[in-house]
Amino acid sequence: MCKVLIVDDEINICKLIINLIDWDGLQLELAGTANDGVSAFQMMQELQPDIVISDIRMAGYDGIELIRRAQECGMQCSFVFVSGYRQFEYAKDAMRYGAVDYLLKPINKDELNRILVRIKSSRMESAQKQRQTEDLQHMLKQSSKHVAKQLFNCLIGSGPISEKSLHDTYEFSMQGLFARSAILKISGNEQQPSRPNSFILQKIYASLEARSQFSGKIILSINHDELACLALYPPESAEDAAAFFARLWTHYKSFISEYGDFILTVGCGPEAHTVEELRPALLAAQQALDMRFFLGANRKIELKQFRPQILSFLEAFPDEMKGITAALEAFDRKALHASVGVAFDALAANTDAVPLDLFNGLEALGLVVRKVYSQADTEAIRAMIYDTKNAASFSGLKLELLRLLDQEMQRSNQIKQAQDEQPIRIAKRYITENYASQLSLDEVALLVNLNPNYFCVLFKKITGKNFNEFLTECRLEEARNLLRTTTLNLTQIAGKVGYKDPKYFSQLFTKHVGLKPKEYRRLYS
């Protein structure tokens, strides 16, 4: 709904204009009234009206001064001036300053409302065009971001690249230009390693996009919670570019401090002079960032060249991998932590290690977990391999890794217990329903599709009793019930609970209950 401010030094004229406007029909809202130009300008700043209907001659600021000041402040309101016949030429001058229309006194109601209809229609059309323009700009910006992301993926990938292919696909060219790259990562501290930081990365993105530190072009891309920055510049700006990258960490460390206690690490690669040099330079920047796990975070790390992998995690730590496997199989948390600690601490202490050694170790560990725990949570394994890399430090990575391993061990143990208990529950129910027959361990094990020996061990583990103990308890419990509630003789009762020999039954009952069957009946029946 459009807001209307009415300005006239005569209060009755203001009231008249209010009465002449078809507020409901035009869907207009009265923002207020003012009786001089100075008050009107103050109200315009405060209320931000869409339409101002004003007298052309007033005390303080006249109409032309009012519209001039509004334009200086960037106000987008539409002016309609009211004038007497003698100020007609003055009102026409106001049109040159941007007034939409003017009215001669006495004011005609139909003419006033026609002008307001035209103004509102024009403003709606302008607003729609503005929205379309903003949508198009947003779409182009998003498209540009997508292209930049694809460009970075291409540059750090393994496929062949050439000046021509980069130009044809991404309109990217290094002809006559040098390049420098950096990758920025924001991490939480060890108390809050997973604090959200995408908002701050977007702020840095916008800041870098707006900064013109040197003559050249900056290409930016956010990927996997990291901000990649590639600067292209002419050789004569090389010193300026080097100085900009040198102070990148200090500037943005201060920049993000207002958002909280975050850790900023910047990895920088060497200057590249050709497309062929660009890929290893970018890979060096990424590796420099990842070296925070060995060199420490919250700093700028620069590598002159990409360092190749030296260690193979599986070959370097075969005993520890066997220990990890055994600990997972036995659900032994203490042994698991010990084996993981030995392998990863040894890796961190090796001065020749590179991040790829560490990351391969995470992948190897994920494969072991998936192999041992067939129903392992896929998301948990993904987090072990990838999300732990978001940590700011090696100690933070290891703590998060052990937490995830503990969580998955507990979950898998619960699943295994539930799986183990299900056949035992079936077996117990079958025994309690069929104890009067000549049951055997082999028969029940076959029923639940388990090896008899394994069934025997599992039954004892879950129930705390072996098969025969549980069967005897079921039979004697029913025997006690029959002795209390019936007049059946001992032979009949023995037969009903699965014993052919009443003498054996009597001896067994006495041994377990502590009373002979007749004594029990006499006491409890």
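Criteria and cut-off values
Within any chain, residue numbers begin from 1 and follow the written order of that chain's sequence. The predicted origin of the model limits local features to residues at a pLDDT of at least 70 and limits the giving and counting of side-chain atom pairs to 80 or more, whereas totals for whole chains, interfaces and linings rest on all residues. As a rule here, side-chain values come from all non-hydrogen atoms in the structure, and water together with hydrogens is ignored. By definition, any uninterrupted DSSP run of H or I lasting at least four residues is a helix, any uninterrupted run of E lasting at least two residues is a strand, and each is numbered from the N terminus. Radius of gyration means the value over C-alpha atoms here, while the globule rule gives 2.2 Å times the residue count to the 0.38 power. Each residue's exposure class comes from its accessible area (1.4 Å probe, protein chains only) as a fraction of the maximum for that residue type: buried when under 20%, exposed when over 50%, partly exposed otherwise. Neither His nor the chain ends is counted toward charge; the positive residues are Lys and Arg and the negative residues Asp and Glu. Lys charges are placed at NZ, Arg charges at CZ, Asp charges at CG and Glu charges at CD. In summary, the pairing rule links any two rings of Phe, Tyr or Trp, Trp by its six-membered ring, whose centres are within 6.5 Å, and it sorts them by plane angle into stacked for under 30 degrees, edge-to-face for over 60 and tilted for everything else. Only when the NZ of Lys or the CZ of Arg is both within 6 Å of the ring centre and within 35 degrees of the ring normal is a charge said to sit over the ring. Here a strand pair is declared whenever DSSP counts at least two bridges between the two strands. Helix axes are fitted only over the stretch in contact, all axes being lines through C-alpha atoms; the angle between N-to-C directions runs from 0 to 180 degrees. Any pair of residues with heavy atoms lying within 4.5 Å of one another is described as a contacting pair.

A.B. asks: Describe the overall build of the protein, and please don't skip the residues or the numbers.
C.D. replies: Within the protein one finds 24 helices and 10 strands. Its C-alpha radius of gyration of 42 Å places the protein more than 25% over the 24 Å reference for a compact globule of 525 residues. Along the first, second and third principal axes, the C-alpha atoms of the protein reach 135 × 70 × 40 Å. In the protein, buried positions account for 42% of the 525 residues. Seen as two clouds, the 62 positive and the 64 negative side-chain charges of the protein have centres 10 Å apart.

A.B. asks: So what about the environment of isoleucine 424? Which residues, and what values?
C.D. replies: Along the polypeptide, isoleucine 424 turns up in helix H18 (residues 394-434). In this structure the C-alpha to C-alpha distance between isoleucine 424 and glutamate 258, which are 166 residues apart in sequence, comes to 60 Å.

A.B. asks: Describe in detail the packing of aromatic side chains, supporting the description with residues and values.
C.D. replies: By the definition in use, this model includes 19 aromatic pairs. Judged by centre distance (5.5 Å) and plane angle (90°), the rings of phenylalanine 244 and phenylalanine 245 are edge-to-face. An aromatic cluster is built from Tyr499, Tyr504, Phe505, Phe509, Tyr520 and Tyr524, whose rings are joined through pairwise contacts. Positioned above the aromatic ring of tyrosine 499 is the side chain of arginine 475, whose terminal nitrogen or guanidinium carbon lies 5.0 Å from the ring centre.

A.B. asks: Tell me about the sheet that holds strand S7 (residues 217-223), and name the residues and values.
C.D. replies: Spatially, S7-S8-S6-S9-S10 is the arrangement adopted by the five strands of the open sheet, whose pairing is mixed. The open sheet has two free edges, formed respectively by S7 and strand S10 (300-302), since each of these has just one partner strand. On average, each strand axis in the sheet is tilted by 20° relative to the strand beside it, whichever way the strands run. By the bridge criterion, six bridges tie strand S6 (residues 178-187) to strand S9 (residues 263-268) in an arrangement that is antiparallel. Bridged to serine 187 within S9 is isoleucine 263.

A.B. asks: Before we move on, can you summarise the sheet that holds strand S1 (residues 2-7) with the specific residues and values?
C.D. replies: Strand pairing in a sheet is mediated by backbone hydrogen bonds. Such pairs are either parallel or antiparallel. Here five strands make up an open sheet; going across it, the order is S2-S1-S3-S4-S5 and the pairing parallel. Each edge of the open sheet carries a strand with a single partner, namely strand S2 (28-34) and strand S5 (101-104). On average, adjacent strands in this sheet sit at an angle of 20° to one another, irrespective of strand direction. In this sheet, strand S3 (residues 51-55) lies alongside S1 in parallel orientation, the contact comprising four bridges. Among the inter-strand pairings, isoleucine 6 is bridged to a residue of S3, identified as isoleucine 53. Against the sheet, helix H3 (residues 37-47) touches S1, S2, S3 and strand S4 (78-83), its axis set at about 145° to S2. Along the sheet, helix H4 (residues 63-72) makes contact with S3 and S4, crossing S4 at roughly 175°.

A.B. asks: Just give me the short version of unusual backbone geometry, but keep the residues and values in it.
C.D. replies: For the peptide bond that leads from lysine 105 to proline 106, omega is 0°, which places it in the cis range. Tracing the backbone shows proline 106 in the loop between S5 and helix H6 (109-155). With a phi close to 60°, asparagine 298 is a non-glycine residue in the positive phi region. Structurally, the position occupied by asparagine 298 is in the loop between helix H12 (292-295) and S10. A relative accessible area of 31% places asparagine 298 in the partly exposed class. Within the chain, phenylalanine 331 stands out as a residue other than glycine whose phi angle is a positive 55°. Mapping phenylalanine 331 onto the fold places it in the loop between helix H14 (318-330) and helix H15 (333-349).

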